[in-house]
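# Observations on the three-dimensional arrangement
Take a look at the letters that make up each chain.
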Amino acid sequence: MTDIAKIRTGKVKGTMNSNNLSDYYYNHSFMERLRKRLPEILPNTYCIVAIDIEHFRLFNKLYGRSSGDEVIRYIYTCLKQSALEYDGIDVYLGGDNFVAFLPDDDEVLNRIRQKIVKKLSKWNNTSAFFPLFGVYTIKDTTVLPELMYDHAMLALSYAEEDYKWHICRYTIEMESSLEEEVYLLAAIEEGLEKEEFTFFAQPQCNIATGQIVGAEALVRWQKPDGEVLLPGGFIPVLEKNKMIDQLDRYVWEKVCQWLKGWIDQGYSPVPISINVSRIDIFEMDVPKYIFSLLEKYQIPEYLIKIEITESAYTENNNRISHAVNTLNMLKNIPVDVLKLDMHFLQFKEEEKQKSANILEAIVNMAGLLHLPIVVEGVENESQEKFVQKLGCRYIQGFYYYKPLPIKKFEELLRDKRQIDTQGLVYKQVEPMHIREFIDTNFVSDSMLNNVLGPVVFFEVLGGDIKVIRVNEQYFRMIGEQHFEEDIQREFLKRIPEEERCAFHRMIEKAFENPVLGADGMIHLLREGEQKMSVYTKVFYLREREGYRQYYCSLMDISRVI
């Protein structure tokens, strides 16, 4: 963000037709022009609007500085046109920061927002980049313009929390909240320096025996006066200020220190899970840091489990993919445990069957992949019986253990009868072949639409491709709703003509190698004839009545190439 000092300096130069962004940077007159306009307006009719683009630095990195400059020029033009139309004032503050004096009208603001969103959609898969609006309604025209701007900027810092519109209006309560936030951040930094933070361990248990197979490390803040603060009291402010990585590094090292100490005492510890967030992955080289801790404390790799939080996967970024792939080297296999949170399933009576269907589909899919499942958030006997009936083997939750201080956790571990030395393993059952998977009604609509990602089932006869099924994720990826026209023609026409031969070769290779299938990159045309780069994997399933049937998974990689 640009500070007030920048508003008081600079020169008006250039026009909005220039290609040099520095020519738009005129802000010295904004406050003076606003100061002259304020006596002419009625209270509650105009507002100060601060605007920037979320993750714009990353946008420049992914799409190039020229694309970023194009976006900036477009926003400038939008604000200039609105200022002219409504007798307002606009200013570009450098970077991706703008401020404007405009009518206090939601329709006007939303129109500007929609124009910016539409412009950003020119680049494929840009859902992570969106405009943030901080709005200060001018209720008192005698307030200093500089203070009005400060209020708009404060509102802007909350705009990300409005998940639908990303527009936030200033309230007086924000001032006290900001003051509390500043004090809390200072206290957290001091607490980290004084090592007031620690972790509690919540055991993960074998549902059949009650024995401990592992534990999750959960951060706690032990204040000097003896008070213990739960994460809800300090994690949100760290996340908001993009500082959670500092605490996570601290906790990861504390876990490694404890493991080392426990081993040195002659005990055999259970694996400990540590949490890795999206911010961690963007702010540091997570694999390198964790491997350095393992080396520093001489910790066997199997004793550290990496929990990638679901929010990390909402950003389809190559940095996340690289981190996950590298972390998987800890076990030399792909993701080896699936963790489910009971809290995302509603257990009201009218929702119970729906919850059961969702969980059953996920458990069955994990079974096909031979993935053990840990169900966390199990708080009572009925929930335990519910997940046990579905075939889940491992549980984490208050019904078995609350998060325990390390000393109490160590008391449990000293009793070898409490420990399941096998750890988290998949209970082998009779294998289910892919043909059985396709022949039955095992693939429910909810599973196909929400679990598998974008997929296409098709069959081939004599070089002709006939699409037999696509899912909702496919439609979401290409930016369309359900099509009235034939799905087969719809899918094929989205592959550029010059690439169809390559797609056919991929199909032939998948038939020749039914175990590994075939993969490659093709382009698909999105809505508006925009090309998207898609990583494609094709697997041959079987032959039926002369047709060869295939399964094709799709992943949009437009943002990472």
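You'll find the structure just up there.
Overview of the structure. Numbers given to residues run from 1 along each chain, matching the order in which its sequence is written. Thresholds applied to this predicted model are a pLDDT of at least 70 for local features of residues and 80 or more for the giving and counting of side-chain atom pairs; totals over whole chains, interfaces and linings are not thresholded and use all residues. Working from all heavy atoms in the structure, the side-chain values ignore hydrogens and water.

## What about the packing of aromatic side chains?
- Two rings belonging to Phe, Tyr or Trp (six-membered ring only in the last case) form a pair when the distance between their centres is within 6.5 Å. Interplanar angles under 30 degrees mark stacking, angles over 60 mark edge-to-face geometry, and anything in between is tilted. For the structure on display, the rule yields 24 aromatic pairs.
- Ring centres of Phe59 and Phe129 lie 5.3 Å apart, and the angle between their planes is 85°; on these two criteria the pair is classed as edge-to-face. With Phe59 in helix 3 (residues 56-63) and Phe129 in the loop between helix 5 (106-120) and strand 4 (131-137), the pair connects residues that are 70 residues apart, well separated along the chain.
- Burial here depends on accessible area, computed with a 1.4 Å probe over protein chains only, as a share of the maximum for the residue type. Under 20% is buried, over 50% is exposed, and the range in between is partly exposed. Classification of Phe129 as buried rests on a relative accessible area of 3%. What counts as a helix is a DSSP run of H or I of at least four residues, what counts as a strand is a run of E of at least two, and both are numbered from the N terminus.

## What to know about helix 6 (residues 145-156)
- How far a helix is expected to stretch is found by multiplying one less than its residue total by 1.5 Å. Look at helix 6: 17 Å from first C-alpha to last across 12 residues, which is about the 16 Å you get at 1.5 Å a residue.
- For helix 6, a buried count of 10 out of 12 residues is recorded, marking the element as mostly surrounded by other parts of the structure.
- When we look at burial in helix 6, the residues that qualify are Pro145, Glu146, Met148, Tyr149, His151, Ala152, Met153, Leu154, Ala155 and Leu156.

## Digging into the pattern of salt bridges
- Every case where a carboxyl oxygen of Asp or Glu lies within 4 Å of a side-chain nitrogen of Lys or Arg is listed as a salt bridge. One pass over the full model with this rule turns up 22 salt bridges.
- One salt bridge in this structure joins Arg37 and Asp87, with 3.5 Å as the shortest N-O distance. Linking Arg37 in helix 2 (residues 30-37) with Asp87 in the loop between helix 4 (65-85) and strand 2 (89-92), this pair joins segments that are 50 residues apart in sequence.
- We classify Arg37 as buried; its relative accessible area is 13%.
- Classification of Asp87 by relative accessible area gives partly exposed; the value is 49%.
- One salt bridge in this structure joins Asp245 and Arg249, with 3.1 Å as the shortest N-O distance. Of this pair, Asp245 and Arg249 are both found in helix 9 (residues 244-264), 4 residues apart, which corresponds to roughly one turn of the helix.
- Given a relative accessible area of 23%, Arg249 falls into the partly exposed group.
- Through salt bridges with shared partners, a single ionic network connects Glu216, Glu307, Lys339 and Glu376.

## Focus on the pairing of strand 7 (residues 212-222)
- Most of strand 7 sits out of view: 10 of its 11 residues are buried.
- For two strands to pair, DSSP has to find at least two bridges joining them. With 9 bridges connecting them, strand 6 (residues 197-206) and strand 7 associate as antiparallel partners. Residue pairing for strand 7: Pro203 is matched across the bridge by Ala215.
- A loop of 5 residues connects strand 6 with strand 7, the two strands running antiparallel in sequence, and Gly210 in this loop sits at a positive phi of about 80°.
- Sheet analysis places strand 7 next to strand 9 (residues 272-276), joined by 2 bridges and oriented parallel. Along strand 9, the bridge assignment pairs Ala215 with Ile272.

## As for the sheet that holds strand 4
- Strand order in the open sheet formed by 5 strands is 2-3-1-4-5, and the pairing between neighbours is mixed. Edge strands, defined here as strands with exactly one partner in the open sheet, are strand 2 and strand 5 (167-169). Taken over all neighbouring pairs, the strand axes of this sheet differ in orientation by 20° on average, direction set aside.
- The pairing of strand 4 with strand 5 spans 3 bridges and is parallel. In the sheet register, Phe133 faces strand 5, and the bridge partner there is Ile167.
- It only takes one pair of heavy atoms within 4.5 Å for two residues to be counted as in contact. For helices, the axis comes from a line fit to the C-alpha atoms of the stretch in contact; other axes are also lines fit to C-alpha atoms, and the angle between any two N-to-C directions lies between 0 and 180 degrees. Packing of helix 5 onto the sheet brings it into contact with strand 1 (46-53), strand 3 (98-103), strand 4 and strand 5, and relative to strand 4 it is tilted by some 165°.

## Quick word on the environment of Asp150
- Its location among the elements puts Asp150 in helix 6.
- A relative accessible area of 36% means that Asp150 is categorised as partly exposed.

## Here we look at unusual backbone geometry
- Backbone geometry at His55 places phi at a positive 60°, although glycine is not the residue there.
- The phi angle at Gln298 is positive, at roughly 55°, despite the residue not being glycine.
- By the element assignment, Gln298 lies in the loop between helix 11 (286-297) and strand 10 (304-308).

The values reported here are purely geometric and, on their own, carry no functional implication.
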